[in-house]
Amino acid sequence: MPERTRRGWFFPTIREYQRSMLQADVLGGLTASAVILPQAMAYATIAGLPVQIGLYTCMLPAVVYALLGGSRALNVSTTSTIATLTASSLLAASTAAESAEPVRDLVTLTLIVGVLLILARLFRLGSLVENVSEATLIGIRAGTGLTIAATQLPKLLGIAAPPSGTGFFETLGYTVAHLVGANGATVVLSAASIALLLLIARFFARIPGALIVVVVGIVLMAFTGLAGAGVALIAPVPSGLPGIQLPDVAAFGAVLPSAIAIAIMAFLESISAGRSVRTSDEPDIDADQELLALGAASVISSFTQAMPAGGGFSQAAVSRQAGVRTQVASLTTAVIAVLVALFLAPVLSDLPQAVLGSLVIVAAVGLVKVRDFTRLARISPVEAWLALATAVVAVTAGLLAGVVTGVLITLVLVLRELNQPQVAPIYRRASGAWSIVSQPGDQPPLAAVLPLHLTSGLYTANIKPTTRAVVSAVQALTPMPAIVIFEVASLPHMSVTVLDGLRDLEASLVGLGCTLYLVGLPERAVDAACNSEWFAGFEGAGHLQPTIDAALKAAGRLT
């Protein structure tokens, strides 16, 4: 591999860094940290983990992504979707492997997610995974938002949390049943925190509302009587950097299903978020590069108790609004996370659970976007039903089941689309040129000649419907044509299945008294097909031609 290509894998966004960018990146990183760090801490609680895990997730993942990632504005830590799937995975591990060490199970989970992403990169599966539709993602995000919102209600009300693994409707029922035990001070603090977050987001969008609410909550706990009024605090946050933890081999099987779903969602969310904030003067973001960057971030950071790495829309938007130019901003955020863990942990221990729950529920409700569903319904009702089904399954059966359902339905829709015949008529202009678009003034069809166009590639899924469509087009004409010219320039690759299908097509047309000509077959496909005895004879008989006019001339229909 050329040296230039090897260097291209490392620091793609800061390889040609200019000192003039430094001020914008550092200030942008500081500003983004005020939102991203509290958010990551809140996401850790979604997964049922201590808040310091959120801080740890803002350290190495950001550094590794800065080394390998292709987005200039994406800040990689974790997302609410990843956190929710992590919670399901850790619950499965504690049940199946009888584990009482969720942090060690987290190490196992994050490591497996990273390995899966790197394997996907090795097999160049980036473009394949990207086929998961936007409708599926809309449904998953909605299901995630509703599920997360339900889990935060007990914190906002100051009541005991339901047992781990309680579903959406069970959590709602539990909350309603325990309303009489709600703590008044906690409810007031929660309502004030949510209102402040919404007001800042609405009228002062450039101000880090999450940081302000966290600071206000800590100050209130320190200088008022909220603690005596029954407002609960988060668990004490230990000072210092994370220690090294090794994975638990016994938990591999239990966390693998969730790890697959997390790997898919981490990649899809990250690349979608990165592309959503990419400016026109920035290079496109390569899917396989992102697989490597996210996979390496999870593998390396897994031993430091980080959650699976991923970047979300909110982090990317905050970074772009803060004016970041390159991944130096993410390095700044990682440094801030280290400083907070080293020097501010005792202060964070005074953070009320209700404030952290308010951060989570505002972010979660923002994932449920009714306008996305209505847009799908207007443009593509099938995709609207896909999004709705995915959301319903995610809410009723769990987010993992929702992801699986969405991916499977998407696969069915893709296969159904591939199974459609790829044939269109060709029209002859008055000038003698050929086109697949009919216009007034086109020449009348040539007698006994049927020209057809292959609209896309041929695969195992659509070769038979396509050849049947050709035969049906012949049989629909009276009298039937003697010559069928099939323009196949959009067939770059030739498989045995496709070759056999074309052979069977010729045999069917011969049985109808027609002669088949293939036109414009790319050279690469011709080279592969020539290894077939049938195709060698087909070409030798002059039935393979470069243009429609050449085929007509070979058939004696054009002088």
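Let me begin by describing the structure that accompanies this report. Please read these numbers as outputs of a predicted model, since none were measured by experiment. For every chain, the first residue of the written sequence is number 1, and numbering continues from 1 onward in sequence order. Local features in this predicted model are restricted to residues of pLDDT 70 or higher, and side-chain atom pairs are both shown and tallied only at a pLDDT of 80 or more, whereas totals for entire chains, interfaces and linings draw on every residue. Think of the side-chain values as coming from all heavy atoms in the structure, minus any hydrogens and water.

## Quick look at the overall build of the protein
Helix and strand labels come from DSSP, where a helix needs a run of H or I of at least four residues and a strand needs a run of E of at least two; each type is numbered from the N terminus. Scanning the protein from N- to C-terminus turns up 25 helices and seven strands. Whether a residue is buried, partly exposed or exposed follows from its accessible area with a 1.4 Å probe, protein chains only, as a fraction of its type maximum: under 20%, in between, or over 50%, in that order. Counting every position in the protein, which comprises 559 residues, the buried fraction comes to 49%. Summarising the internal contacts of the protein: among those between residues at least 6 apart in sequence, 80% fall at separations of at least 24. We get accessible surface area from the Shrake-Rupley algorithm with a probe of 1.4 Å; when it comes to residues, only the shown protein chains can shield them. As presented, the protein carries roughly 25,100 Å² of accessible surface, and 64% of it is formed by carbon and sulfur atoms. Note on contacts: a residue pair is in contact if any heavy atoms of the two residues lie within 4.5 Å.

## So, the pairing of strand β6 (residues 515-519)
Buried residues dominate β6, accounting for four of its five residues. By the bridge criterion, five bridges tie strand β5 (residues 483-487) to β6 in an arrangement that is parallel. Bridging from a neighbouring strand, V484 pairs with L516 of β6. Any two strands are treated as partners once DSSP identifies two or more bridges connecting them.

## Regarding the packing of helix α4 (residues 60-68) against helix α15 (residues 328-343)
Working convention: axes come from line fits to C-alpha atoms, limited for helices to the stretch in contact. Angles between N-to-C directions cover 0 to 180 degrees. As a packed pair, α4 and α15 sit with axes 8 Å apart at the nearest point and diverge in direction by 160°. The angle between α4 and α15 places the two elements in the roughly antiparallel class. For the pair α4 and α15, the sense of crossing is left-handed. Residues A62, V63 and A66 of α4 touch α15, and the partners they reach there are S330, L331 and A334. Each residue belonging to the contact of α4 with α15 can be placed in one class, and the counts come to five nonpolar, one polar and no charged. Between 65 and 115 degrees an angle is taken as roughly perpendicular, under 35 as roughly parallel, over 145 as roughly antiparallel, and anywhere else as oblique. Working rule for handedness: look at the near helix, and if it is turned counterclockwise from the far one by less than a right angle, call the crossing left-handed; if clockwise, right-handed. Three residue categories are used. Nonpolar comprises Ala, Val, Leu, Ile, Met, Phe, Trp, Tyr, Cys and Pro, charged comprises Asp, Glu, Lys and Arg, and polar comprises the others, including Gly.

## Things to note about the pairing of strand β4 (residues 449-454)
Across the six residues that make up β4, a large majority, six, are buried. Burial of the side chains of β4 extends over both faces: V449, P451 and H453 are buried on one face and L450, L452 and L454 on the other. Two elements, strand β1 (residues 423-425) and β4, share three bridges in a ladder whose sense is antiparallel. Residue pairing for β4: V423 is matched across the bridge by L454. Of the pairings in the sheet, the one linking β4 to β5 comprises five bridges and is parallel in character. Each bridged residue has a counterpart across the sheet, and for V449 the counterpart in β5 is I483. The parallel pair β4 and β5, bridged by helix α21 (residues 463-475), forms a crossover whose chirality is right-handed. With its strands directed away from the observer, a crossover is right-handed exactly when the path from the first strand over the helix to the second travels clockwise.

## Here's the deal with the pattern of salt bridges
Salt bridges are identified by distance alone: a Lys or Arg side-chain nitrogen within 4 Å of an Asp or Glu carboxyl oxygen. Summed over all chains, the structure comprises six salt bridges. If you follow the salt bridges from partner to partner, you end up with D500, R503 and D504 in one network.

## Structural notes on the sheet that holds β1
Here we have five strands laid out as an open sheet, ordered β1-β4-β5-β6-β7, and mixed in their pairing. The open sheet has two free edges, formed respectively by β1 and β7 (544-545), since each of these has just one partner strand. Seen against the sheet, helix α22 (residues 496-511) touches β5 and β6 and runs at an angle of roughly 145° to β6. On the sheet, helix α24 (residues 533-540) packs against β6 and β7 and is oriented at approximately 90° with respect to β6.

## Details of the packing of aromatic side chains
Stacked, tilted and edge-to-face are the three classes applied to pairs of Phe, Tyr and Trp rings, where Trp contributes its six-membered ring and a pair requires centres within 6.5 Å; stacked means planes under 30 degrees apart, edge-to-face means over 60, and tilted covers the rest. What the rule picks out here adds up to four aromatic pairs. An aromatic cluster of three or more residues is present, and its members are W534, F535 and F538.

## Some thoughts on the nonpolar core
Counting residues in hydrophobic clusters, the biggest one holds 50 residues, and the most contacted among them are L49, I53, M307, L348, L351, L356 and L359. Sorting elements by how many residues they give to this core places helix α2 (residues 22-46) first, with ten residues. By nonpolar core is meant a set of buried Ala, Val, Leu, Ile, Met, Phe, Trp, Tyr and Cys residues that side-chain atoms within 4.5 Å join together. Formed by 46 residues, the second largest nonpolar core is a distinct cluster that contains L117, V132, M265 and A394.

## A few points about the environment of V414
Counting through the fold element by element, V414 comes out in helix α20 (residues 399-418). Taking the C-alpha atoms as reference points, V414 and G457, separated by 43 residues in sequence, lie 14 Å from one another.

## Re helix α9 (residues 168-177)
Within α9, burial applies to F168, T171, Y174 and T175. Across the axial projection of α9, the buried residues extend over an arc of 125°, all falling on one side. Residues F169, V176 and A177 are exposed on α9 and point more than 90 degrees away from its buried face. Elements that come into contact with the buried residues of α9 comprise α8 (134-157) and α19 (381-397). Here the arc refers to the set of directions running from the helix axis out to each C-beta atom.

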